[in-house]
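Take a look at the letters that make up each chain.
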Amino acid sequence: MEAAKDKLQCWVCDHTDLKEVRPSQIDGNLGSENFLITNSDYGKTAAIYECQNCSFKQCPYLTDVIEFYESMEDDQYEEGREQRLLQERKVMQQIQRIKPNGKLLDVGAGSGILIQAAQELGYEAEGIEPSKWLYEQAQKLNLPVELGIFPQDDKLRGPYDIVTLVDVIEHVSDPKGLVAEIRKVLKPDGILVVVTPDVDSIMAKALKYKWWHFRIAHIGYFNRKNLNLVMKRAGFDVFKMMRPTWFFSVEYLLERVSAYLPGRMSVPAPGFIKRMVVPVNLRDSWMGIYKRDDKTA
Ligand SMILES: [Zn+2]
């Protein structure tokens with residue numbers, strides 16, 4: 001372990017001065033079930049190291065997570081499809097103000113929910129997704145999602161006016177490399193849209209390691225500054241920063257709340273209330289819109 005630690009390097013700024021701020025909370029072996037999008041095991045993470053230069057937090061010893069996604073099956077995720085469609089529509093409405101039309105690529109497209117929202121607004125949209133199960137859900141709905149890991153040139157038909165990276169960058173061990181690859185498939189005046197949790201948000205600070213985004217599938221934790229830094233280093237300038245709104249059914253929210261109660265107590269509520277869908281903006285994620293800088297080759 002000591003020898004490995006010598007090689008620690010910040011995934012954002014390349015500095016080697018990293019400090020362990022949290023030991024691993026993992027006991028036993030990991031399986032696909034730990035990587036479900038709807039997993040509510042908040043606070044369970046691998047060891048977290050903080051860069052002493054840019055404050056980026058990363059899990060340097062849990063980098064090989066792609067195999068878990070490839071075999072993951074998450075029925076609960078698809079049950080929440082209607083709510084997720086509402087939030088992706090909201091994301092697309094923001095994009096529409098800047099790029100009213102064009103060709104869109106969604107990286108980490110899941111079951112194609114954002115693509116569906118983009119198509120409704122008239123965009124030519126496609127996506128790429130590593131999970132076979134999510135890919136199959138998209139196929140059932142005739143949504144153009146390819147199975148694979150970006151960049152996969154033989155499956156994609158760029159260049160694109162818009163690339164979206166929604167709740168993906170916190171799952172990868174080379175965010176700079178991923179974003180640099182995205183730059184290659186973007187048109188010169190194209191935009192990149194990144195949504196990721198904000199580890200410096202008030203919710204994150206209040207809940208500490210009980211914050212819902214501290215979970216095993218997240219191996220990188222950004223704040224506004226180091227998110228913009230990683231983008232800068234990959235050849236992008238920040239154009240606009242926003243707080244995205246999510247939509248949840250009351251039932252889903254009550255389940256999430258119960259994860260914070262002792263013994264996972266359940267919260268009773270009548271059925272019609274449980275089926276209500278409400279917008280929630282906890283201001284604990286960033287939605288950054290980026291443009292290619294002119295300097296990077
Ligand atoms: Zn750093």
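Residues numbered from 1 in each chain as written. Predicted model: local features only at pLDDT ≥ 70, side-chain atom pairs only at ≥ 80, totals over all residues. Heavy atoms only, no water.

Draft legend 1. Just unusual backbone geometry, in detail. The residue after Phe150, namely Pro151, is reached through a cis peptide bond having omega 0 degrees. Of note, Pro151 is situated in the loop between strand 6 (145-147) and strand 7 (160-166). A cis amide bond, omega -5 degrees, links Gly158 with the succeeding residue Pro159. Tracing the backbone shows Pro159 in the loop between strand 6 and strand 7. Unusually for a residue other than glycine, Ser55 sits at a positive phi of about 70 degrees. Residue placement: Ser55 occurs in the loop between strand 2 (48-51) and strand 3 (57-58). At Lys208, a residue that is not glycine, the phi angle is positive and equals roughly 50 degrees. The topology assignment puts Lys208 in the loop between helix 8 (202-207) and strand 9 (220-221). The class of Lys208 is exposed, set by a relative accessible area of 57%. (Helix = DSSP H or I, 4+ residues; strand = E, 2+ residues; numbered from the N terminus. Buried < 20%, exposed > 50% of the residue type's maximum accessible area, 1.4 Å probe, protein only.)

Draft legend 2. Structural context of the sheet that holds strand 6. What the seven strands build is an open sheet, ordered 6-5-4-7-8-13-10; its pairing is mixed. Both outer strands of the open sheet, strand 6 and strand 10 (236-242), are each paired with one neighbouring strand and no more. Shown here is a sheet whose adjacent strand axes are inclined to one another by a mean of 20 degrees, direction ignored. As defined by bridge partners, strand 4 (residues 103-107) adjoins strand 5 (residues 124-129) across five bridges and the pair is classed as parallel. Each residue of the ladder has a partner; that of Asp106, found in strand 5, is Gly127. Relative to strand 13 (residues 285-292), helix 4 (residues 81-98) is tilted by about 30 degrees, and along the sheet it contacts strand 4, strand 7, strand 8 (186-197), strand 10 and strand 13. The sheet strands contacting helix 7 (residues 175-185) are strand 4, strand 7, strand 8, strand 10 and strand 13, and the helix crosses strand 8 at an angle near 145 degrees. (Pairing = 2+ DSSP bridges. Axes fitted to C-alpha atoms, helices over the stretch in contact; angles between N-to-C directions. Contact = heavy atoms within 4.5 Å.)

Draft legend 3. View of the pattern of salt bridges. One pass over the structure, following the stated rule, counts 16 salt bridges. Note that Arg81 and Glu78 form a salt bridge whose closest N and O atoms lie 3.0 Å from each other. The exposure classification of Arg81 matches that of Glu78, with both residues buried. Taking the shortest distance from any N to any O, the salt bridge between Glu124 and Lys103 comes out at 4.0 Å. With Glu124 in strand 5 and Lys103 in strand 4, the pair connects residues that are 21 residues apart, well separated along the chain. Among the ionic contacts, a cluster of salt bridges with common partners joins Asp14, Lys176 and Arg233. (Salt bridge = Lys/Arg side-chain N within 4 Å of Asp/Glu carboxyl O.)

Draft legend 4. Layout of the sheet that holds strand 9. Spatially, four strands are ordered 1-2-3-9 in an open sheet, and the strand pairing comes out antiparallel. Each edge of the open sheet carries a strand with a single partner, namely strand 1 (18-22) and strand 9. Bridge analysis of strand 3 against strand 9 gives two bridges, and the strand direction is antiparallel. The partner of Gln58 across the bridge, within strand 9, is Gly220.

Draft legend 5. Helix 6 (residues 132-140), seen in detail. Within the sequence span of helix 6, burial applies to Trp133, Leu134, Gln137 and Ala138. When helix 6 is viewed along its axis, its buried side chains cluster within an angular range of 145 degrees and face the same direction. Buried residues along helix 6 sit in contact with helix 3 (75-79), strand 5 and strand 6. Just downstream of helix 6 lies Asn142, where phi reads positive at about 60 degrees. (Arc of directions from axis to C-beta.)

Draft legend 6. Looking closely at the packing of helix 4 against helix 5 (residues 113-120). Relative to each other, helix 4 and helix 5 sit at 55 degrees, their axes nearing to 8 Å. Classified by the interaxial angle, the pair formed by helix 4 and helix 5 is oblique. Crossing of helix 4 against helix 5: the hand is right-handed. Between helix 4 and helix 5, the residues in contact are Arg81, Arg84, Leu85, Glu88, Arg89, Val91 and Met92 and Ile113, Leu114, Gln116, Ala117, Ala118 and Glu120, respectively. (Parallel < 35°, antiparallel > 145°, perpendicular 65-115°, else oblique. Left-handed = near helix turned anticlockwise from the far one by under 90°.)

Shape is all these values report; function is a separate question.
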